[in-house]
Amino acid sequence: MTLANRLHRRLEEIPDRMQLSDITTAPDPHKLYERLRDEWGPVAPMDLEPGVPAWLVLGYDEASSVMRNELLFSRNSRNWRYVQERSLPADSGVFAALAPRENAYFLDGMQQRRLRAPLDDALGSVDEKRLARTVAVTCEAIIDRLMPRGEADLVRDYAVAVPVMVMTELFGMSLSDGNKMHELTEALYAGKEKARAAAREQESLLAVLVATHRAEPGEDLTTALVNHPNHANDVEVMASIGVMFSLGHDAEIAWIASTLHMILTDPAFAARVRRGRLDLDDALDEVSRRHPPAPHVLPRFARQDCELGGRRIALGDALVPAVAAANADRAIRTDDPWEELGSRFHLTWGAGAHSCPAHRIGPLIGRIAVDTLLRRILDMELTVAYDSIKMSVSPWSRYPRSLPVRFTSPLAGGSQP
């Protein structure tokens, strides 16, 4: 087969496609990205789940183009061939994550702009000083509970606990509802058979939340979204809360957990952070570039036949921007990692109309969470071999499932920012 014919094969015609989840759970995903890049170039075939193919967009320029050009690459899965033809298996887990939804993350054009405005306005109204106090108090309280034990799982006990408790406060939820949203979000994006049931249960929870806040408004994001004039009905309000909570929750957990993972397993990085040679904001940015919370963002769908990175893209094909691979693209990297500090060229925060709306408060939560832990507990060490740490099972996020540590000389209390 000639190179030209190989480059222009349709997705379904390519055998032995790699599974997306195999990449996110691999010990070193970048080795797999490089293998795909060497074989296929900046756009490679893979499977979202067995028998459901998509293109994995590895190149920085190509990923940026897919994320920015909504006229050619739609975010609405109604443009996906597998949705139009109803050809997904009845038990498809990936469909639960990609099914059409009426929210800003799953639409394009004027509909997307109308529903994006409530998210931007609600997050823009958040008082940063009040939020900082909430995050600090939450972190201190969690650490106080961990102190007597002298050991903890920094993922379950901290990287998950902090964002869930903070977002519970931000949305005016009960803690039980916040924990339930966490469980349902994990099930939804894990892409397993329970994902559809999780989507239905989340919808029921959000319906009660919206009705409660419509009857009894508060000073929280839910009330702000309920009252926003761009929402035509409560279903749209529920969708806005769901996408904001789910994506924000997953990203914050992954960012905090990945930062702590690097500190515990990368002595050079830990020394730069501990000794003040690397500002904490720059440290968090470095982590987000090297290990983005969402290594793969949910797909775009080709609106017409086109070419991308020398690859033939057919109408209705799914394309998954591989943010982690794009951030590491040799075309944009320098030989000196210090030159990259503070440069915001990477795609971790997205690009175009669907860029992350929480670019202001997301780093604030992460910085306070990491800073408080490092200030309160000085001598953390892993209780397992660093190479035995397993990663989360979702194809859409990557962070350690657990970080079991022990500590023996925590400081007794600490000042809040």
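Residues numbered from 1 in each chain as written. Predicted model: local features only at pLDDT ≥ 70, side-chain atom pairs only at ≥ 80, totals over all residues. Heavy atoms only, no water.

- For the chain, the name recorded in an unreviewed UniProt entry is Cytochrome P450, with Promicromonospora kroppenstedtii as its organism.

**Looking at the overall build of the chain**
So, step 1. Helix and strand content of the chain: 18 helices and eleven strands.
So, step 2. By the compact-globule yardstick of 22 Å for 417 residues, the chain fits well, its C-alpha radius of gyration being 21 Å.
So, step 3. Seen through its principal axes, the chain has C-alpha atoms that stretch 70 × 55 × 35 Å.
So, step 4. By the burial criterion, 54% of the 417 residues in the chain qualify as buried. (Helix = DSSP H or I, 4+ residues; strand = E, 2+ residues; numbered from the N terminus. Rg over C-alpha atoms; globule rule 2.2 N^0.38 Å. Buried < 20%, exposed > 50% of the residue type's maximum accessible area, 1.4 Å probe, protein only.)

**Quick notes on the pattern of salt bridges**
So, step 1. Per the stated rule, a full pass over the model turns up 28 salt bridges.
So, step 2. Connected via shared salt-bridge partners are E140, D144, D371, R375 and R376. (Salt bridge = Lys/Arg side-chain N within 4 Å of Asp/Glu carboxyl O.)

**Points about the confidence of the model for the chain**
So, step 1. Looking at the chain as a whole, the pLDDT averages 88, with 92% of positions reaching at least 70.
So, step 2. Low pLDDT (under 50) marks residues 338-343, which in the prediction has 15 contacts with non-local residues, meaning those over four places away or in another chain.
So, step 3. Note that pLDDT drops below 50 for residues 410-417; the model gives that stretch 18 contacts with residues more than four away or on any other chain. (pLDDT = per-residue confidence, 0-100. Contact = heavy atoms within 4.5 Å.)

**Let's talk about the sheet that holds strand β5 (residues 151-153)**
So, step 1. Ordered by their spatial adjacency, three strands build an open sheet running β5-β11-β10, and the pairing between neighbours is antiparallel. Strands with a single pairing partner mark the edges of an open sheet, and in this sheet they are β5 and β10 (381-382).
So, step 2. Here β10 pairs with strand β11 (residues 404-406) via two bridges, running antiparallel. Bridged to L382 within β11 is V405. (Pairing = 2+ DSSP bridges.)

**Here we look at the layout of surface pockets**
So, step 1. Taken as a whole, the largest pocket spans an internal volume of roughly 690 Å³.
So, step 2. Every residue lining the largest pocket is counted, 26 residues in all, and those nearest its centre are P27, H261, H291, M391 and R398.
So, step 3. Secondary-structure elements contributing two or more residues to the lining of the largest pocket are α3 (29-40) and α14 (234-265).
So, step 4. For the lining of the largest pocket, the leading source of residues is α14, giving four residues.
So, step 5. Per-class residue counts for the lining of the largest pocket are 13 nonpolar, seven polar and six charged.
So, step 6. Here the second largest pocket defines a volume of roughly 530 Å³.
So, step 7. As for the second largest pocket, its lining consists of 22 residues, of which R101, A199, Q202, E203 and A239 are closest to the centre. (1 Å grid on protein atoms, 1.4 Å probe; cavity = no way out; pocket = protein on both sides within 12 Å on 5 of 7 lines; lining within 4 Å. Points joined across faces, edges and corners; volume = space filled by probe spheres on them. Nonpolar A, V, L, I, M, F, W, Y, C, P; charged D, E, K, R; others polar.)

**Brief notes about the pairing of strand β2 (residues 43-49)**
So, step 1. By the criterion of burial, β2 is predominantly enclosed, with seven of the seven residues buried.
So, step 2. Where β2 and strand β3 (residues 52-57) come together, six bridges link them in antiparallel fashion. Looking across to β3, one finds that P45 is bridged to W55.
So, step 3. Counted between consecutive antiparallel strands, the loop separating β2 from β3 contains two residues, among which G51 sits at a positive phi close to 85°.

**So, the pairing of β3**
So, step 1. Among the six residues in β3, six count as buried, and that is most of the element.
So, step 2. Residues V52, A54 and L56 of β3 are buried on one face, and the alternating residues P53, W55 and V57, pointing to the opposite face, are buried as well.
So, step 3. Pairing of β3 with strand β9 (residues 318-321) involves three bridges; the strand directions are parallel. Its bridge partner lying in β9, V57 is registered against P321.

**A few points about the packing of α14 against helix α16 (residues 280-290)**
So, step 1. For the pair α14 and α16, the least separation of the axes is 10 Å and the interaxial angle reads 100°. Between α14 and α16, the angle is such that the two are roughly perpendicular. Two secondary-structure elements touch here, α14 through W255, S258, T259 and M262 and α16 through L284, V287, S288 and R290.
So, step 2. In the contact of α14 with α16, the residues fall into four nonpolar, three polar and one charged. (Axes fitted to C-alpha atoms, helices over the stretch in contact; angles between N-to-C directions. Parallel < 35°, antiparallel > 145°, perpendicular 65-115°, else oblique.)

**Some thoughts on the sheet that holds β9**
Strand pairing within a sheet occurs via backbone hydrogen bonds; the two strands may be parallel or antiparallel.
So, step 1. Overall, mixed pairing links the six strands, which are arranged β1-β2-β3-β9-β6-β4 in an open sheet. Each edge of the sheet is formed by a strand with only one pairing partner; in this case those strands are β1 (18-19) and β4 (73-74).
So, step 2. Along the sheet, helix α4 (residues 60-68) contacts β2, β3, β4, β6 (300-302) and β9; its crossing angle with β9, the most-contacted strand, is approximately 120°.

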